[in-house]
Each structure stands twice: as structure tokens, then as C-alpha cells.
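What the coordinates show
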Amino acid sequence: MLLGIFLLWVLLRSPLLPTVADSVLFFAENLVRILQELLNWLMGVPAGLKLNVPLNFALGKFFLYHIYLWKGYIAILLMPNLAPLLLCIALVGIGGVSFQLSMLSDLMGLLTFHMYCFYVYAARLYFLMFYAVRSLFRLFRGKKWNVLRERVDSCSYDMDQLFAGSILFAVLLFLLPTVLMYYAVFTSLRVAVIVIQSTLSALIGFINSSPVYPVILWLRQAPATKGIA
Amino acid sequence: MAWKKILYERQSYADNYVDHTFLDELKKNVNTHTYRFWPTVIESGVITQQLSSIVLFVAAFAFMNADKLSLKAVFLLSGTAAVLGYAAYRCICVSTATLPAISSFNVIEESQTKRSVTDDLKTAILFLALAYGLSPILHTLTESISTDTIYAMTAAMLFGNLVLYDYGPNAAMVSGTVSFNAAMFASVCIASRLATEWHTFATVTLAVEMFALMPILRRKLKARYGWHVQVGMTLLLNTAAFLSLCELYPPCAVIFLIIFIFITFGCPLWLIRIQPLKDNIHGPWDEASCDTEVPTHL
């Protein structure tokens, strides 16, 4: 709490608040720029891997459009509200530095919301494709998942099912590496954000569980800390 | 006291005593089939027919790639072949149905798997629509994969098709599903190498005709008309494959001829030569096996 009030005093008194606001804005815009560069890299030849060109192009354009919407979001919603938001964070320091740290963690979540969205899109698409490829591979071998017995059984498919299944299997199998690439990139970004947030959360937990008050009492030799004697 | 072949009573003999009736119940080679040369040669035509249809498919792709075969010609040929083949199949079905029933089993099998003309038409429309819709995707599917990899995958898949094809015996390795799927996968791989999307569509349709529809027709013809038609089909398909290989790459044609002679004449000779060396023993120690044919009159 003392630390919190100290930090609050520091932030209100010094002209630190506008610079903090500027740095937050800078961070957000940098993030957007980095993401755009990342997507352009993915749409080219990432790490020397040759991905399927039309699918790569389609996915890249989709995510770039999402970033364009995000830029609008930052401009309209975030920018006017940034200074009051930081003031709020500073004021909350009355509750202690842990409050400020948790608000910082939430602010970070807000700023990286688009990365969370990308991760969810890429993850859903990848898992759907993977499920389809697994199921069609069973069709390729002439087997089927038996839901009742929860095992893989042989199955005699019709001609129509075999036609459609084998062509779709080939198509989805060849398109899988491209989607896997996008999934890997966005998952690692999401993991980075989660690491930062969980470090903050661990710090907050450490602060919360540190016995500052009992130590101060002990230093002052208050009767509450003396044993029964 | 005479020795009895039991162990649940004490006898004056040792437990492992055997008398003169030992191994009387051993029978050798009960179920072996004696092969004769010419019928085996005629039956081996099934393998060479499948091999030549694969060769014809690959030759069609090679000609389309080298622009020696125009798109219109492929569409025309495959379209007329499909229509004529289907008409022939329907005629044979009708004529088989009007024959006196050989056994009750056959008639019941026919009526259970009967598909009407509308069913087949629906399947055809479904397939054509799917192939047409997917052909732009198929066209750019393997652009980033090197040509050598594509050729290797196609070759491996077609080899799988040849090996796992349902030639007739009920062995565990045979899997009509896997062989058909491997052929379709190979056709998708190789169709993505062609110039335009219409070429891709033509290749995939041709593959379906050759690997799904033609085997059905061949089996029907063989079952209905016996060995003359079988020999005729073998010679026709193999000559066509040989001529297209000559046109394409003569050394390959020579290899094809050698393989054909080996499969048609060499393998039956070999089989007949080693058949007398067969030495299966049967006896009361074998596992009991049930009759696999379920009696249908019950």
C-alpha cells in the first residue's frame, strides 16, 4: 500500500504521466506495425518454406483487414481515453501496488486483444482442418470411428463417399502446412503475451503474500508478535 | 492292457508313449489346388489389365502435358467411353437377370446391391460437380512442391493401387478401398501439374473412369461372358498401352512388353513348377473353422 501511494504520488506530481501515455500509444502502434510486417513475411516465403499461394494470400489478406479494423479501434476508442485511463491506474494505487500491477496486466490484455483474436481464428481453423484430415485418413484406409465402441472399425463405404472423400483428403492434406504455419506463429505470439501477463500475476501474488505488516510489527516489538510468555 | 490315447487315467505306459498309429490322422495338402497352364494364363490377364490401365492413364497425362493430346479430344473420348460403357453394363445386368437363377444366393445378392439408373446418374452429377468446383483449388494445390516429389508420390500411389487392387482372392492384404483412394490421390497429385483448370478437371474425371468404373465393367464382362472376352480385353488394353508407350518413350515400351510376358507366361509357369513342392499338413490339432457362407434359405 505504501509502495502504491508512493507510486501514485510520483505519477501525479511528476510530468511522467504524459510520457507514460505516449509510450503506451507507441507500444500499441509498434505492435500493429510488427504484426503487419509479420503477416507480409508469412504471405511471402516464410523461413524458406513454400506455402500454398492462393490460401496463403487469402489468409494473409483476411488478417491484414482485421489489423486495419484494429487500427480504427485504437484511433477511435483508445486514444481519447488513454490519459484518463492512466490516471485511473495511478489513482488505484491507493489500494497498493498490486492493484496497479493488475490494472497494468488488464491494460496489456486490452492492447493485445487483436493477437488473441488472431490466435482464436487460426486455432479454430487449424483444429477443424486437422480433424477433417484425420477422419478422411481413416476413410482412405477404409476404416471409420465407431462412436458406440469408441474405437476404429473397418467400414465398407459407398462409391460416392469414396470419390468425395479421397479428393477432399488430398486437397486438405496439401493445404494443412499453410494453416499450420499461421497457427504456429499466432500461438507463439499468444504464448508470449501470456508469459508477460503471468509474470505480472506472479509478481502480484508475491507482493500480496509478503508479510510486510507482521514484519513491521515485529520490528516495533508490538505485543501481538510476542509469544505467550 | 492296450494303450489308449488319453491322459486322464493312469496307464502302465509312460505319458509320452506313442504306438504304431502315431500321425495316422495327418493329412497332407488337402485343400491345394492344382493349377493348369492356360487357365492361369487367362486369369493373369486381370493383373495386366490393371497395369495397362494405369499405363494408359499416365500416358494420357504425358500427352496432355506435351500438348499432343487436346483437351477436347480427352473430353470426347472419356465422355463417349463412359456412356458406352454404362450402356453395356446395364445391358449385361438386364441379360444376367433374365438368365435362370444359378443359385438362390446369386439372385439375392443381385437384388440387394441393385442400383437404379437414377442413383447412378445422381452419383455422376455429384462427382462432376465436385470435381468442377474443386478444380481451381486442385490446379494450384502443389505449386510449391517440386516436380520430382510429385512424380515420386504419384508413382508410389499408383504402385499401391496396383498391389492392393481387388483381383479376386480374399486375402487380408487386399483392400479395394485403399487401392481406389490411392489412385484418386495420385490423380490429384498429377493433375495439379497441368496447364489449366480444365485439364485438371479432365484428368480427375479420366482417373475416376479408369480406376472406378472400368474395373466394375471388366468384372461384369468376365463374369458374364467367360474367357473369350477376358482374353480380348487383356489383348486390347495391353496393345493400347504398348502403342502409347511406343509413341511416348520406346525403351519404356520394351520394359512393358517384358513385364507383360513375365506376368502372363513366366509367372504361371513358375507357379506350376513349384506347386508340387507344396507341403501343408493338416490334422485334428488345427483350429476349427466355420463355413464362411451363410446359408440364405434359413
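Reference entry: report on the structure contained in this document. Since we're looking at a predicted model, the values are computed, not measured.

Structural notes on the overall build of chain A
For chain A, the count of helices and strands is 7 helices and 2 strands. Each helix and strand of chain A, ordered N terminal to C terminal, gives the series α-α-α-α-α-β-β-α-α. Residue pairs at least 24 apart in sequence account for 75% of intrachain contacts in chain A once pairs closer than 6 positions are excluded. A total accessible area of about 14100 Å² is found for chain A, and carbon and sulfur atoms account for 71% of it.

Quick look at the interface of chain A and chain B
The interface of chain A with chain B comprises 23 residues on the first partner and 28 residues on the second. In total, about 2200 Å² of surface goes out of reach between chain A and chain B, with carbon and sulfur atoms giving 80% of it. Linking chain A with chain B are 0 salt bridges. Our count for the contact surface shared by chain A and chain B stands at 2 residue pairs in polar contact (both at pLDDT 80 or more). Where the side of chain A that touches chain B is concerned, the elements lending two or more residues are helix 3 (53-91), helix 5 (113-140) and helix 6 (159-209) of chain A. Among the elements that make up the side of chain A that touches chain B, the one with the highest residue count is helix 6 of chain A (14 residues). Of the residues belonging to the side of chain A that touches chain B, the class tally is 17 nonpolar, 3 polar and 3 charged.

Let's talk about the nonpolar core
In this structure, Leu39, Ile167 and Phe186 of chain A together with Leu138, Val204 and Phe211 of chain B are the most contacted members of the largest nonpolar core, which totals 92 residues. Of the residues forming this core, the biggest block, 17 residues, is contributed by helix 6 of chain A.

Topic: the pairing of strand 2 (residues 151-154) of chain A
All names here are of chain A. With 4 bridges connecting them, strand 1 (residues 143-146) and strand 2 associate as antiparallel partners. Note that in strand 2 the partner of Asn146 across the bridge is Arg151. Between strand 1 and strand 2, which pair antiparallel one after the other, the connecting turn spans 4 residues, and Glu150 there sits at a positive phi close to 55 degrees.

Rules behind the numbers
Residues numbered from 1 in each chain as written. Chains lettered and ligands numbered in written order. Predicted model: local features only at pLDDT ≥ 70, side-chain atom pairs only at ≥ 80, totals over all residues. Heavy atoms only, no water. Helix = DSSP H or I, 4+ residues; strand = E, 2+ residues; numbered from the N terminus. Contact = heavy atoms within 4.5 Å. Areas by Shrake-Rupley, 256 points an atom, 1.4 Å probe, with all protein chains shown as cover. Buried area = accessible area lost by both parts, 1.4 Å probe. Salt bridge = Lys/Arg side-chain N within 4 Å of Asp/Glu carboxyl O. Polar contact = N/O pair within 3.5 Å; in protein donor to acceptor, adjacent residues only side chain to side chain. Nonpolar A, V, L, I, M, F, W, Y, C, P; charged D, E, K, R; others polar. Core = buried A, V, L, I, M, F, W, Y, C linked by side-chain atoms within 4.5 Å. Buried < 20%, exposed > 50% of the residue type's maximum accessible area, 1.4 Å probe, protein only. Pairing = 2+ DSSP bridges.

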